[in-house]
Amino acid sequence: MPVISSREKYFPDVSKEKELGESPSSHRLLCQAENGKTAMADINSNKTVMEKKVIHSPLSFFSHKIGVGGTLGLQEYMVIVNSGQEDELEVWGYRVHAVKYLVTLAGIVLSFGLLGLPLYWWKHWWLKFTRVQCILEQATSVLVVDHYKGIHTTYHVKDVYRFNHAQEDMLIPSNGKADYQLVSNFRYFNCKKNRYIWDNNEGTFYKLEGLDRNISLEELHSYKEGLSEDSSKMRSFLYGKNEIVVPLESLWMLFITNILSPFYVFQLFSISFWYADDYWQYSTAILFTSCISLASALYQTRSNQQNLRDTIVSSESITRLGADGSRHQVISSDLVPGDIIMVPDHGCQLLCDAVLLEGQAIMDESMLTGESVPVTKTSLPKHPASTVYNSKEHEKHTLKCGTKVIQTRKYRDQVVTAVVIRTGYLTTKGDLVRSILYPPPVDFQFEKDSHKFIAGMACIATVGMIYSMARMVLAEESFHDVVFEVFDLITIVVPPALPAAMTIGIVLANQRLIPKNIFCISPRTINVAGSVDCTCFDKTGTITEDGMDMWGVLPVQRGMASFHEEGKDDVEWKEPVQEITCLDSDSLLVVGMATCHELNIIGGEMRGDPLDEKMFSSTGWQLEMEGEEQSQMDQLSMPYMKSPMTSTNSVIQAAPQKLFQFSSDVQRMSVVTRVVEEQQEGFTEPSTRVFCKGSPEMIQRLCLPDTIPHDYTTVLESYASHGFRILALASKVIVPAMAKAGKINKMTREQAEAELTFLGLVILENRLKTASIGVLNELRGANIRTVMVTGDNILTAVSVARDCGMVPQGEDIIRCKAEVVRGKPCVTWVKLEDRPVEQKAIQPSIKDTKLSLEVGPYHLAVDGASFDVICDSFRDSILPFLATRGAVFARMRPDMKQRLVEILQDLDYRVIMCGDGANDCGALKAANAGISLSEAEASVASPFTSKTPDISCVPILIRESRAALVTSFGIFKYMAAYSITQFVSVMILYDIFSNLSDFQFLWIDLFLITTLASVFGFNAAYPGPLAPHPPMSSLVSLQPIFSLLSQLTIGIAFQVGVLFYTRSRPWFVQFDYENPCYVGTQAEQAFNSSGLGQKFGCDPEEDPVASYENFSIFNISQFQYIILVIAFSKGYPYRESFLKNLPLLVDILLLSSFCLFLTIWPESWPACQQHYELFPPPQEDLTFRLVMLAMVGANLVCSLFCEMVLSDVVVSKLARRNDKKHEQINKELDDRPDWPPLSTDMVEQEATQLDEEVEDQQVFIMGTDIARPTNQAFDSLFSTPVATDSSSHSAAAISLNPPTATPKRQAGSSELMLSSPCKSFSTAQDSPSSSNSTTGKFVSCDRISISSEPEADR
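Residues numbered from 1 in each chain as written. Predicted model: local features only at pLDDT ≥ 70, side-chain atom pairs only at ≥ 80, totals over all residues. Heavy atoms only, no water.

## A few points about the overall build of the protein
Here is step 1: Within the protein, the secondary structure is distributed over 41 helices and 44 strands.
Here is step 2: Counting contacts in the protein only where the partners sit at least 6 residues apart, residues at least 24 apart contribute 73% of the total.
Here is step 3: When the accessible surface of the protein is totalled, it reaches about 57100 Å², and 56% of it is carbon and sulfur. (Helix = DSSP H or I, 4+ residues; strand = E, 2+ residues; numbered from the N terminus. Contact = heavy atoms within 4.5 Å. Areas by Shrake-Rupley, 256 points an atom, 1.4 Å probe, with all protein chains shown as cover.)

## So, the sheet that holds strand 18 (residues 360-364)
Here is step 1: The 3 strands are arranged 19-18-21 in an open sheet whose pairing can be described as antiparallel. The sheet terminates laterally at strand 19 (375-377) and strand 21 (404-409), the two strands that pair on one side only. Averaged over all pairs of adjacent strands, the angle between strand axes in this sheet comes to 30°, irrespective of strand direction.
Here is step 2: Note: strand 18 against strand 19, 3 bridges, orientation antiparallel. Opposite Ala361, over in strand 19, you have Lys377 as the bridge partner. (Pairing = 2+ DSSP bridges. Axes fitted to C-alpha atoms, helices over the stretch in contact; angles between N-to-C directions.)

## A closer look at unusual backbone geometry
Here is step 1: With omega at 10°, the peptide bond leading from Tyr1132 into Pro1133 counts as cis.
Here is step 2: Along the chain, the position of Pro1133 falls in the loop between helix 35 (1108-1128) and helix 36 (1142-1160).
Here is step 3: Residues Trp1235 and Pro1236 are joined by a peptide bond in cis, for which omega reads 0°.
Here is step 4: The topology assignment puts Pro1236 in the loop between helix 39 (1221-1230) and helix 40 (1244-1253).
Here is step 5: Phi at Lys193 is positive, roughly 65°, even though this residue is not glycine.

## Describing the state of the cysteines
Here is step 1: With the rule as written, the count across this model stands at 1 disulfide.
Here is step 2: Covalent S-S linkage joins Cys1077 and Cys1098, the inter-sulfur distance amounting to 1.7 Å. With the S-S bond torsion at -105°, the cross-link from Cys1077 to Cys1098 turns out left-handed. A residue pair is termed long-range when its members are at least 10 positions apart, and Cys1077 in the loop between helix 32 (1038-1063) and helix 33 (1084-1089) and Cys1098 in the loop between helix 34 (1092-1096) and helix 35 qualify at 21 residues.
Here is step 3: With relative accessibility at 3%, the residue Cys1077 sits in the buried group.
Here is step 4: Given a relative accessible area of 41%, Cys1098 falls into the partly exposed group.
Here is step 5: Cys534 provides the cysteine sulfur closest to Cys536, a residue in no disulfide bond, and the two sulfurs are 4.4 Å apart. (Disulfide = S-S within 2.5 Å. Buried < 20%, exposed > 50% of the residue type's maximum accessible area, 1.4 Å probe, protein only.)

## Describing the nonpolar core
Among soluble globular proteins, nonpolar side chains are generally buried collectively.
Here is step 1: If you look at the biggest cluster of nonpolar residues, it comprises 101 residues, and the most contacted ones within it are Tyr974, Met975, Trp1003 and Ile1004.
Here is step 2: For this core, the element with the highest residue contribution is helix 30 (residues 953-990), accounting for 17 residues.
Here is step 3: Judged by nonpolar contacts, the second largest core, of 77 residues, contains Ala529, Ala728, Ala739 and Val830. (Core = buried A, V, L, I, M, F, W, Y, C linked by side-chain atoms within 4.5 Å.)

## Digging into the pattern of salt bridges
Here is step 1: By the definition in use, this model includes 33 salt bridges.
Here is step 2: Between Arg959 and Glu778 there is a salt bridge whose closest N-O contact spans 2.3 Å. One end of the pair, Arg959, is in helix 30; the other, Glu778, is in helix 24 (residues 772-781), and 181 residues separate them in sequence.
Here is step 3: Glu778 gets classed as partly exposed once you look at its relative accessible area, which sits at 24%. (Salt bridge = Lys/Arg side-chain N within 4 Å of Asp/Glu carboxyl O.)

## Considerations on a negative patch on the surface
Here is step 1: Residues Asp277, Asp278, Asp1072, Glu1074, Asp1099, Glu1101, Glu1102 and Asp1103 make up a contiguous surface patch of negative charge.
Here is step 2: Here Glu1074 falls in the exposed class, since its relative accessible area comes to 60%. (Patch = residues over 30% accessible without salt bridge, like charges linked within 9 Å, V, L, I, M, F, W, Y side chains within 5 Å. Lys, Arg positive; Asp, Glu negative; His and termini not counted. Charge placed at Lys NZ, Arg CZ, Asp CG, Glu CD.)

## Re the environment of Ser1107
Here is step 1: Topologically, Ser1107 is positioned in the loop between helix 34 and helix 35.
Here is step 2: A residue is classified by how much of its surface remains accessible, and Ser1107, at 0% relative accessible area, is buried.
Here is step 3: Placed 37 residues apart in sequence, Ser1107 and Gln1070 show a C-alpha to C-alpha distance of 7.8 Å.
Here is step 4: Here Ser1107 is in contact with Ser994, Phe1071, Tyr1078 and Phe1175, once residues within four sequence places are set aside.

## A word on the pairing of strand 7 (residues 152-159)
Here is step 1: Counted residue by residue, strand 7 has 6 buried out of 8 residues, so it is predominantly covered.
Here is step 2: Adjacent in sequence and paired antiparallel, strand 6 (residues 141-148) and strand 7 are bridged by 3 residues, among which Lys149 carries a positive phi angle near 55°.

## Side note on a nonpolar patch on the surface
Here is step 1: Nonpolar side chains collect at one region of the surface, where Leu1038, Phe1201, Met1204, Val1205, Val1209, Val1210 and Leu1214 lie side by side and expose about 610 Å² of accessible area between them.
Here is step 2: If one sorts the elements of the nonpolar patch by residue count, helix 38 (residues 1182-1215) sits on top with 6 residues.
Here is step 3: If you trace the backbone, Val1210 turns up in helix 38.
Here is step 4: Using a relative accessible area of 41% as the deciding quantity, one classes Val1210 as partly exposed.

## Overview of helix 36
Here is step 1: Under the 1.5 Å per step criterion, the end-to-end length of helix 36 is 27 Å for 19 residues, consistent within 8% with the ideal 27 Å.
Here is step 2: What helix 36 keeps buried is the set Leu1144, Asp1147, Ile1148, Leu1151, Cys1155, Leu1158 and Thr1159. Buried residues of helix 36 fall within an arc of 100° about the axis and therefore sit on the same side. Exposed residues on helix 36 whose side chains face more than 90 degrees from its buried face are Leu1142, Leu1149 and Leu1150.
Here is step 3: Residues of helix 36 that are buried make contact with helix 31 (998-1015), helix 35, helix 37 (1166-1172) and helix 38. (Expected span 1.5 Å × (residues − 1). Arc of directions from axis to C-beta.)

## Description of the sheet that holds strand 12 (residues 194-199)
Here is step 1: If you trace the 4 strands from one edge of the open sheet to the other, you get 8-11-12-13, paired in antiparallel fashion. Each end of this open sheet is capped by a strand with a single partner; those strands are strand 8 (161-164) and strand 13 (204-207). With strand direction ignored, the average angle separating the axes of adjacent strands in the sheet is 30°.
Here is step 2: Inspection of the sheet shows strand 8 paired to strand 11 (residues 185-191) by 4 bridges, in the antiparallel sense. What sits directly across from Phe163, in strand 11, is Phe186.

## Some words on the environment of Tyr1172
Here is step 1: Position of Tyr1172 relative to the elements: it lies in helix 37.
Here is step 2: In the structure, Tyr1172 is positioned 67 residues away from Val1105 in sequence and 10.0 Å away in space, judged by C-alpha atoms.
Here is step 3: Apart from residues lying up to four places away in sequence, Tyr1172 is in contact with Ser997, Phe999, Gln1000, Trp1003, Phe1114, Phe1154 and Leu1158.

## Quick notes on helix 7 (residues 251-259)
Here is step 1: Inspection of helix 7 places Leu254, Asn258 and Ile259 among the buried residues, and these make up the whole buried set. Buried residues of helix 7, viewed axially, fall in a sector of 120°; they line one side.

## Considerations on the side chain of Asp353
Here is step 1: Assignment of secondary structure puts Asp353 in strand 17 (residues 353-358).
Here is step 2: A polar contact is formed between the side chain of Asp353 and the side chain of Arg422, at a distance of 2.9 Å.
Here is step 3: Polar contacts involving the side chain of Asp353 include one to the main-chain amide nitrogen of Thr428, which spans 2.9 Å. (Polar contact = N/O pair within 3.5 Å; in protein donor to acceptor, adjacent residues only side chain to side chain.)

## Remarks on the confidence of the model for the protein
Here is step 1: When the pLDDT values of the protein are averaged, the result is 77; 81% of them are 70 or greater.
Here is step 2: Between residues 627-636, whose pLDDT stays under 50, and residues either more than four places distant or in other chains, the model counts 19 contacts.
Here is step 3: Confidence over residues 835-855 falls short of pLDDT 50; this stretch has 50 contacts with residues more than four positions distant or in other chains. (pLDDT = per-residue confidence, 0-100.)

## Looking at the packing of aromatic side chains
Here is step 1: Following the criterion strictly, the structure yields 43 aromatic pairs and no others.
Here is step 2: A ring pair is formed by Phe1157 and Trp1165, whose centres lie 6.2 Å apart and whose planes are at 50°; its orientation type is tilted.
Here is step 3: Accessibility expressed as a relative area gives 46% for Trp1165, which makes it partly exposed.
Here is step 4: Feature note: the residues Phe999, Trp1003, Phe1007, Phe1114, Phe1154, Phe1157, Trp1165 and Tyr1172 constitute an aromatic cluster, connected by ring pairs.
Here is step 5: The side chain of Lys123 reaches across the aromatic face of Tyr120, ending 4.5 Å from its centre.
Here is step 6: In this arrangement the basic side chain of Arg213 is found over the ring face of Tyr180, its NZ or CZ atom lying 4.6 Å from the centre. (Phe/Tyr/Trp six-rings, centres within 6.5 Å; stacked < 30°, edge-to-face > 60°. Lys NZ or Arg CZ within 6 Å of the ring centre and 35° of its normal.)

## Remarks on the environment of Ile878
Here is step 1: By secondary structure assignment, the location of Ile878 is in the loop between helix 26 (864-873) and helix 27 (879-885).
Here is step 2: The exposure class assigned to Ile878 is buried, which follows from its relative accessible area of 1%.
Here is step 3: When the C-alpha positions of Ile878 and Pro1236 are compared, they lie 9.4 Å apart, and in sequence the two are 358 residues distant.

Here it is, written out as structure tokens:
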């Protein structure tokens, strides 16, 4: 147990925790084995059956909860904290064992610290060497195991701190409850800026949370008086300072931390060994570059810490309310959960998470979400009091740390107050900063594979070491020589510069992304983005323009009535109106459009959601603040609305009384508004109304059924199928008795939005962004799947998907509808047509119900409600197929978007998510690579941020990431091949007790390898179309292994070949270690004339190396290093040709020229020849040197052939197996032309009969909806027929539309031009008639009769 004397030591602040990185041992892949039978549901029904064929069981594609196997130890030694959450952890208890501790310390001392290095690198080893496992109640240390998605494990070793008092005067939260309790014994540990507290009653640790844990609204409001001084001190003791302190380590500590990392330790070992071996030239060069690298790393780390620290405001003065009603100015760092703070009128930056109790506040949340639209926060409702606070559901009442208060709204004497619920790292901003300090492992697969490669190379070095050691021992070499030669092999096979070389591609890609307005806060994600094969896009603001244009409104009779009137009972549609100002200003529809919004006046300008701005501006009303004009309204700081002069010379004024804000979860917003009319005689009696605006489906459920037109769904789908964004508007009157301010304040959302009266549809146009079509076509051409994930209407989304090319014209879209019918889930498959369906004369019969889908590609579409049902009830049978073939996911809540991304990842997709709003934050974080479209240079919501507000950033990122991935693979293979090639050269020379000279090593290591590796990654990304396949993403796969082994085989073959060729020459004399000057041989004269004997002497103890073998091996190998970089420097289709890499090309030419000189004519520069210790063959035999060059050329040809033909073409095709889960599903679906199970839409009676006949089964029914592209003219702009009788209307339609006549505006139809650029639409729409005639063009719109079109699905 750590002994701590002072409170700061004994109770350290969690914000001062130093650990930032992950354990080097954390890259271990957990293997999962599935045993036994797997439950599977047949894809054509919901019957669960038992199957052993895993390929037919999509259940195995979704892991519910992944642990470690269940055999790690006894349960009393381990607990799971944060169970079922993203940050689920295993906590194992340990206590100090004196004997083990002393033995370990002795081992470290006796090994001169060498044993301490692995124990320092892998902290859990230190734990197991010095401690024993024990029950958690007795633990002095804990091992925290973090299984990231079940495929990556990180270990954290933490001390457990104990605090004992004689009395129960320490405050801790009750586990899982909202209250606190006093204790005398307090134990806890800190991990990743979170504090975990021991629960004596439950025998477990639990995470310290803020005030908002399981607390009811009533309990939150009970804090309105503030905390007492004693309570505040105890909470301060528990939670610590309200600070988000980024650890800023001293340069000395950073230096020690870096120098003790495995990379630098190996560097130090290599440099020390080389100096001891008198290889001082290269040692000095590596030492110099290592110092520069270390200094750069220290500077970069320090700068990153400082920059992150500077972006966080540490403290600010704020007013805190005391329990006695007093007000105190305090520093924000002294705040604790439960404090009541005043939100100042002038605005401030919030440094804690708080819930608004009184008043309203307009917030700027751009720091968190990237959206510059102000957000209005309202006070937390008091009713229903038992409702449990939820940060997501009550987001509109929560002020988040890091956001700015622009201004407040209140009554004149009201004080805007908020209760602090979270402080420090518990806040929203603290959570984001923690995610930066502890990023999830994104490229663990690549690192794991690289570790396997290095381990393999180490095994090769071990074999070479054993062989060399055995030969040298048998030759009775000295111990000194044996040790130095053996360690020399280690530094050759495992190059110290490998980790530095691996980062070149990522660094260069990051630098190339910045000029293209793409900024990255997680460079390691770049390689991951290079292997993506699926992209998910939000629709509004991402594929389409952020702002919308008003197309018009489609009112009903009630919507045209004045707000003074009750309105008529007629619920028929009126004519569509495109010019809103033509409507009466006092009509309910116009008043609703002018008042139902969240617009504010900030700095004299109207600010708010662009959609609200468009809708409000179209009415011609004005937004004003109090005091600008005399008004009979209540004096509120909320802006009120004022209409233009009406036809009766009056002015309508409306003031909002209560606002229920928009939420994507409930898909609507409401406002309680008091409306008066200012006439010449004075003001009329105020009318209090509720106006509700939202998705048409949601508004339909909230309205009284008798106020909804009977063809509501048909008309809605008709507009939505043309890509319009549609909102519905409804209203109701609040009787005067309930319209008092006090009762309005107590009104709940459910009360306000009940029993509404439908007023009409508001129709907006959402145009595609210029870049969308081209980008989506490019992605499709590259076989990168594109998916639309939006909160909009499904038919609108389908239409946009067709228009932008996400779903090519001519390919089918089948809508999946899932619902619960009589307690049983049911799925209906509906084929959406992209063109009007011609009327058919023959009515279908029961035997015609079963249809087969045309052979060809099809796509699935689903809305959020159906997605929920499928995830819950058809997870095993339908969900994998829906996720694999789905193209449009509509009406998706933020949590659904994140869930979909995770499902796609479970199917082995590498996913890019591209979005622009706060609703996409969860999906952006969950994706393999998230791109946030934001004006900020960095968004903490995603690894990548694009300042260009369209999706053109996606192919740019993929292109650069692919180039970076190929560069990383290429340079890794190059460094590995260089090491093995040099290893082979040395082993060949070791066999004759020779070696390469120091200057030869220096030339290879410093000039050849270092310079070539430095400029290897300068190839720019290939500017042409994206390749149809991503590059290989695994080092341990067939193609990279074949590529490396084939190049090594070629290199070894030519080295051995040149050795045998050298030995076959008549002038050859074998090197004799005991006679290095060739005394008494035919080579003696040539050796003496070279000057090597005079310079190095003839003493064998000086390790002479000059020989014919050395000359041959060295010269052929130096060319091989250049050949390897040419072979591995891949160009098309991921990078530009290495011929365009000017630095690399110049380097190759210069190096090749000098290599050519050393091979052909080294004698012309005697000093150089002597430095390199080259003993060339006789000049008379020039043929030998020319043959060597010919062998170099043959080596180049063989290497290029193996790499460009065998590896990139033949082996690549063999390696690209369809073994991913989504590929298996696609293959299965291709073999199942009967899926999805389609049948025609029977009339109501037939469907009912069929439902009764098939009991205990879910019925799959196919209907035909119309989903037309926006560029297709459509007839009869959804005008409502005058007659309600279908047959009479059909007859009228036939008579009005003879075959040769053009439809005119008459009898229930109207001709209307849509205000879309270069697009015009007439209002005559084809639909089937009740007769058998096939000549009628204008038909009834009462309902779309699918049953008359059986051929549409064939």
